[in-house]
Amino acid sequence: MAHDSGSRSFDLKAMLRDERFWKIAFQVITLLVVLLLLSFFLGNLNRNLIQQGRAFGFSFLRNPAGFSIGESLIQYRPNDPYWRALMVGLGNTLTLVVGGIVLTTLLGVVAGVASFSKNWLLQKLSRVYVGLVQNIPLLLQLFFWYFAIFGALPNPANQIGILGLAFLNNRGVYIPWASSALLAILGIAATVGAAIAALFLWRWRTKIRIETGVGGQAQSIALAVVALAWLAIITLGMNWTVPEGVEGGGVTGGLRLSREYVASLTALVFYTSAFVAEIVRAGIQSVSKGQWEAARTLGLNAGMVMRLVVFPQALRVIIPPMNSQYMNLTKNSSLAFAIAFPEIYSIATTTYNQTGRPVEVFVVMMATYLTLCLLITVVMNQFNRSVQFKER
Amino acid sequence: MRKWGFLAAALGLTLAACGGGTTTTNADGEAAPAGGGRLDVVKGRGQLICGVDGGIPGFSFVDESGTYTGLDVDICKAVAAAVLGDAEAVEYRRLDSTERFTALSGGEVDMLSRNTTWTISRDTSVGLEFAPTTFFDGQGMLVRADSGIAGLEDFAGKAICVETGTTTELNLTDQMRQLGVDFEPVVFQDADAAYAAYDEGRCEGMTSDKSQLVARRSTLPNPDEHTLLEVTMSKEPLGPVTTNNDSSWYDVVKWVTYGLIQAEEFGITSENIATFEATENPDIARFLGQEGTLGTDMGLPNDFMVKVITQVGNYGEVYDRNVGADSEFALERGQNALWSEGGLMYSPPFR
């Protein structure tokens, strides 16, 4: 491209032929279009707000909410401010998202691995499940679980007891639980802590055994100690209360998972797991056949081939799309408001309706879901880095 | 450096474009309410877009053939008849309780006629304008007849189904706080889902406006198994709604609604309106546009009430046909009777 500046005066034709000019010009045009659109929408919003005699602002969040919420992790009374009501909703969303991610991972991986099973029934079941669930809208599935499955449970007077440990009725599911919230948090923290410690000890033990060929007893003992300590905390320290059926219907004690929560969780888990199962299947199929054969040649049985050789390699393919499934689950949790679960979108809807401030409330909503999704991405990216090939 | 230069230039340009934008047109390119907005929009379009609930028999309900009927629907029809001369020139939009205000303030519908309670906060902070009440209601509670629940105090530890975004949600909380009753609200966004959940036993009670409970009870599988408690939790004046800052449009909706009530007071019905053609009564002559300029002052045809009454009828006819004596609900007129008969329906003078 001839562009000998200085010697000649400005050459328009040459500039139009210059690739670099078009590269930059295209970027500028795109930016201008985006900014113009944005300014048009924001200007329109501003004019509409002014027309209605309102100013954009968040001070209404400090006004008392005035409505009651069915279930809540934190304490909430109807005269608490709107922001606190939204926090209650966020807490409920988080219980759905965290519980959903854990169960989805378990079910999804099991269903994905099952599609390779030599057991004919198991393999077909997995295929039918994925095919069926993936092709039905989530909202329909929510209504199905809420009305058709959990709605078909008997009323509290005729509730179903399971081994005297749990109860089921059309109000919810009652399970044994710690006697106080503090103890419950302690129990969960102890479980997470023990799991991390065990993972660390196990890796340390493997490393020592690989490098020296002997030893690892100290780590094994430490593992046993961790396990015992955890068991002791869980069995003795939690002060478990077991739900008890009341004469004439109803339950006291234990933890009540409302029907809304259980139905939302079940629908979300079943729906998302179908996609996770496909991701897991694709990941496993991406591992070359030679790896299977090599592993079998070493004398490993089918389960060990999967666990030790194939699955760790498949993880590299599995983790990135899992990230988006977790994000989908997070965003889809907002659909739970259709079956009366008071998650954050449901509370937000009530809030903007009572205050007449949809724009502000939606800004808060967008920020909340964006933050949740970004958090998931950060964690998953860390995890992804840890399973990639280490080039030394 | 050069990149940032471009960005700055682009930003400058956009800001300039933004700053110049003081014209008042909204996204549809329709003239905004800088004087007589919505009325001209409706006339120009030749059709009224009316937001209704669409799921409450007697108030607004879509039948098998897709026709809308009900008291709220008739208000839409009356406005269309007055503005456009044709009661059928209405496009109905089904809006649930959470969408309605956004749809109205966003200009998606011209007016709401859907069981919306007139409250001060909606009038002031939400930015709405309430036309006269077309149905005076109160919040009630539907329970199963065999549940043994006789009053709100019996709801301790029990569940109540509510539709979200409604004043009933707030009233219920207030009432229960006063009584100190700890109940479990089960809040649905969709009224159909709420009644379904109540019907299959998720909740012991279902709360809403009494008229709505009566109407909805008729759609439950076994209507006789449910009764309304003898409680009225609140005042629920229901009527059509427009947005703030468009008084000429608000005036039209307001006075067409009043006109229905005034017509009943004058004794003018869709049957006998022809007999008033050469009336000697100056009040009635003004009302029907034979004298004066009451209609044209509002930007309507002078005989707008003639069109309304011939096509829709007066308030009494509308009431009886949809929820009163001639309907399956047979609701008493009660406080919805004319003021002259002990009710609350009262129109300021047409003069």
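One can find the structure itself at the top, above this paragraph.
Since we're looking at a predicted model, the values are computed, not measured.

What counts, and where the lines are drawn
Residues numbered from 1 in each chain as written. Chains lettered and ligands numbered in written order. Predicted model: local features only at pLDDT ≥ 70, side-chain atom pairs only at ≥ 80, totals over all residues. Heavy atoms only, no water. Pairing = 2+ DSSP bridges. Helix = DSSP H or I, 4+ residues; strand = E, 2+ residues; numbered from the N terminus. Contact = heavy atoms within 4.5 Å. Salt bridge = Lys/Arg side-chain N within 4 Å of Asp/Glu carboxyl O. Polar contact = N/O pair within 3.5 Å; in protein donor to acceptor, adjacent residues only side chain to side chain. Nonpolar A, V, L, I, M, F, W, Y, C, P; charged D, E, K, R; others polar. Buried < 20%, exposed > 50% of the residue type's maximum accessible area, 1.4 Å probe, protein only. Arc of directions from axis to C-beta. Axes fitted to C-alpha atoms, helices over the stretch in contact; angles between N-to-C directions. Left-handed = near helix turned anticlockwise from the far one by under 90°.

1. Here's the deal with the sheet that holds strand 3 (residues 60–62) of chain B
Residues and elements named next belong to chain B.
Here's step 1: In spatial order, the strands read 2-3-4; together these three strands make up an open sheet with antiparallel pairing. Either end of the sheet is taken by a strand with one partner, and the two such strands are strand 2 (55–56) and strand 4 (68–69).
Here's step 2: Of the strand pairs in this sheet, strand 3 and strand 4 are connected by two bridges, and their pairing is antiparallel. Across the sheet, residue phenylalanine 61 finds its bridge partner in strand 4, namely threonine 69.

2. Digging into unusual backbone geometry
Here's step 1: Positive phi, normally seen in glycine, also occurs at alanine 340 of chain A, with a value near 70°.
Here's step 2: By the secondary structure assignment, alanine 340 of chain A is in the loop between helix 10 (302–332) and helix 11 (344–355).
Here's step 3: Within the chain, asparagine 115 of chain B stands out as a residue other than glycine whose phi angle is a positive 50°.
Here's step 4: Looking at the secondary structure, you find asparagine 115 of chain B in the loop between strand 6 (111–112) and helix 5 (120–124).

3. Some details on the interface of chain B and chain A
Here's step 1: With 49 residues of chain B at the contact, the number on the chain A side is 43 residues.
Here's step 2: Here chain B and chain A share four salt bridges between them.
Here's step 3: Note that glutamate 200 of chain B and arginine 259 of chain A form a salt bridge whose closest N and O atoms lie 2.6 Å from each other.
Here's step 4: At the boundary of chain B with chain A, the tally comes to 11 residue pairs in polar contact (both at pLDDT 80 or more).
Here's step 5: At the level of secondary structure, the elements contributing two or more residues to the side of chain B that touches chain A comprise helix 1 (2–19), helix 4 (100–105), helix 6 (167–179), strand 10 (184–188) and helix 7 (191–199) of chain B.
Here's step 6: When the residues that make up the side of chain B that touches chain A are grouped by side-chain class, the tally is 23 nonpolar, 17 polar and nine charged.

4. Let's talk about helix 12 (residues 304–311) of chain B
Residues and elements named next belong to chain B.
Here's step 1: Turning to helix 12, its buried residues number three or more, namely Phe304, Met305, Val308 and Ile309. Seen end-on, helix 12 carries its buried residues on one side only, within an arc spanning 125°.
Here's step 2: Looking at the buried positions of helix 12, the neighbouring elements they touch are helix 3 (71–84), helix 9 (247–266), helix 10 (282–287) and helix 11 (294–297).
Here's step 3: In the stretch just after helix 12, glycine 313 is the one whose phi turns positive, near 100°.

5. Focus: the sheet that holds strand 3 (residues 172–175) of chain A
Residue and element names in this part refer to chain A.
Here's step 1: Pairing is antiparallel in the open sheet, where four strands are placed in the order 1-2-3-8. Edge positions in the sheet fall to strand 1 (160–162) and strand 8 (255–258), since each has one partner strand and no second. Within this sheet the neighbouring strands show an average axis-to-axis angle of 20°, counted without direction.
Here's step 2: Looking at chain direction, strand 1 and strand 2 (residues 166–169) are connected through three bridges and run antiparallel. In the sheet register, glycine 161 faces strand 2, and the bridge partner there is phenylalanine 167.
Here's step 3: Its contacts with the sheet place helix 8 (residues 259–286) against strand 3 and strand 8, and it is angled at close to 65° to strand 8.

6. Focus on the pattern of salt bridges
Should their charged atoms come close, side chains of opposite charge can pair.
Here's step 1: Within this structure, the stated rule accounts for 25 salt bridges over all chains.
Here's step 2: Arginine 77 of chain A is the partner of aspartate 80 of chain A in a salt bridge, and the nearest nitrogen-oxygen pair spans 3.5 Å.
Here's step 3: Here arginine 77 of chain A falls in the partly exposed class, since its relative accessible area comes to 47%.
Here's step 4: Several salt bridges converge on common partners, so that one network encompasses Arg256 and Glu260 of chain A together with Glu184 and Arg202 of chain B.

7. Details of the packing of helix 8 of chain A against helix 10 of chain A
Residues and elements named next belong to chain A.
Here's step 1: Close contact between helix 8 and helix 10 brings their axes to 8 Å; oriented N to C, the two are set at 145°. When you trace helix 8 past helix 10, the crossing you get is right-handed. Within the contact between the two elements, helix 8 uses Leu268, Tyr271, Thr272, Phe275, Val276, Ile279, Val280, Gly283, Ile284 and Ser286 and helix 10 uses Met306, Val310, Phe311, Ala314, Val317, Ile318, Pro321, Met322, Gln325, Leu329 and Asn332.
Here's step 2: Counted by class, the contact of helix 8 with helix 10 contains 16 nonpolar, five polar and no charged residues.

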